[in-house]
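Residues per chain are reported as follows:
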Amino acid sequence: MKIDNSFSVPRPIADTWRILLDIPTVVPCIPGVQLTEMVNAREFRLLGTVKLGPVQLTMHGDVEIASADEAAHVAVLAGKGRDNKGRGTANATVTLALSPAGASQTQVHVTTELELAGAIAQYGRGTGLIQAVAGQIVTQFAANLQAQLASMPPPAEAKALPLFQLLWRAFRAGLAKRLGRQPGG
């Protein structure tokens, strides 16, 4: 099953690329998902809960960044998961394709190829329930990510702040020395 979604991020494309590939930063934005282990910079383990109609699934999964083309701003994530109650498995390939949407906006296109097996393959089939739930998850993820980004300074400001602090401290130390005082006094 192919599922297409998109959302925008209020950051330039280079910043958005870096943020989306920073797994500890983005996983808390995914509704119902927890990062349980960082195997390395490209592989991680997740625990996720999702409700499909009357059925709630809790799945353990392994995800890896299969490829990341920084020049094209396209990343492919490959994941597999299994339901804790033995009702089935899921395999997914998620492609993130970023495109600029102005100087400080990025459009993120998410294409998911999803394969379900076992009893969970029957949940929502024919009604579009799985696609609807996937759309809700992406919408909530985008909102959570934007809220998290709102509390973070833009990268240019984050880099400038330490330099400004160093210059300010040097200025204060020089001034204090001229006045015969201890720095900070």
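Just so you know, the residues in each chain are numbered from 1, in the order the chain's sequence is written. For this predicted model, a pLDDT threshold of at least 70 governs which residues receive local features, and a threshold of 80 or more governs which side-chain atom pairs are given and counted, while totals over whole chains, interfaces and linings are taken from all residues. Hydrogens and water molecules were not included; the side-chain quantities draw on all heavy atoms of the structure.

> Just give me the short version of the nonpolar core, but keep the residues and values in it.
Only buried residues count toward a nonpolar core. Its members are Ala, Val, Leu, Ile, Met, Phe, Trp, Tyr and Cys residues joined through side-chain atoms within 4.5 Å. Three exposure classes are used, based on accessible area relative to the maximum for each residue type with a 1.4 Å probe and protein chains only: buried under 20%, partly exposed in between, and exposed over 50%. Residues Phe7, Leu20, Leu96, Leu98, Val108, Phe141 and Leu145 are the most contacted members of the largest nonpolar core, which totals 27 residues. Helix numbering and strand numbering both begin at the N terminus, where a helix is a DSSP run of H or I of at least 4 residues and a strand a DSSP run of E of at least 2. Take this core: its biggest share by element is 5 residues, from helix 3 (residues 129-150). Discounting chain neighbours no more than four positions away, the residues touching leucine 20 are Val26, Leu98, Val108, Phe141 and Leu145. Grouped together as the second largest cluster of nonpolar side chains are 12 residues, Leu52, Met59, Ala90 and Val133 included. Pairs of residues are marked as contacts when any of their non-hydrogen atoms sit within 4.5 Å.

> Can you tell me about helix 3, naming the residues and giving the values?
Helices are assigned an expected span. That span is 1.5 Å times one less than the residue count. Here helix 3 spans 32 Å end to end across 22 residues, near enough to the 32 Å set by a 1.5 Å rise per residue. In this structure, the buried side of helix 3 is in contact with strand 1 (2-9), helix 1 (13-20), helix 2 (23-26), strand 3 (43-52) and strand 7 (106-118).

> A description of empty space enclosed by the protein should follow, citing residues and the corresponding values.
Any residue with an atom within 4 Å of a point lines the site, the site being either a cavity, points on a 1 Å grid over the protein atoms alone where a 1.4 Å probe fits but cannot get out, or a pocket, an open set with protein on both sides within 12 Å along at least 5 of 7 lines. Grid points are joined across faces, edges and corners, and a volume is the space filled by probe spheres set on the points. A full pass over the atoms with the stated rule returns 1 cavity of 30 Å³ or more. By volume, the largest cavity is sized at about 1,200 Å³. Along its surface, the largest cavity is lined by 45 residues, and Ile30, Val33, Ala92, Val94 and Ile137 are the ones closest to its centre. For the lining of the largest cavity, the secondary-structure elements that each account for two or more residues are strand 1, helix 2, strand 3, strand 4 (55-69), strand 5 (74-83), strand 6 (88-100), strand 7 and helix 3. In terms of residue count, the dominant contributor to the lining of the largest cavity is strand 3 (7 residues).

> An account of the environment of aspartate 4 is requested, with residue identities and associated values reported.
Inspection of the secondary structure assignment puts aspartate 4 in strand 1. For the pair aspartate 4 and threonine 112, spaced 108 residues apart in the sequence, the C-alpha separation amounts to 6.4 Å. Apart from residues no more than four positions distant in its own chain, aspartate 4 is found in contact with Val110 and Thr111. Pairs of N or O atoms are called polar contacts if they sit within 3.5 Å, as long as, within protein, a hydrogen donor faces a hydrogen acceptor (for residues adjacent in sequence, only side-chain-to-side-chain pairs). Engagement of the side chain of aspartate 4 in a polar contact is seen with the side chain of threonine 111, the distance being 3.0 Å.

> Mind laying out the side chain of threonine 16, listing which residues take part and the relevant values?
With respect to the helices, strands and loops of the structure, threonine 16 is situated in helix 1. Threonine 16 gets classed as buried once you look at its relative accessible area, which sits at 1%. Other than its neighbours up to four places away in sequence, threonine 16 contacts Val9, Arg11, Leu98, Thr106 and Val108.

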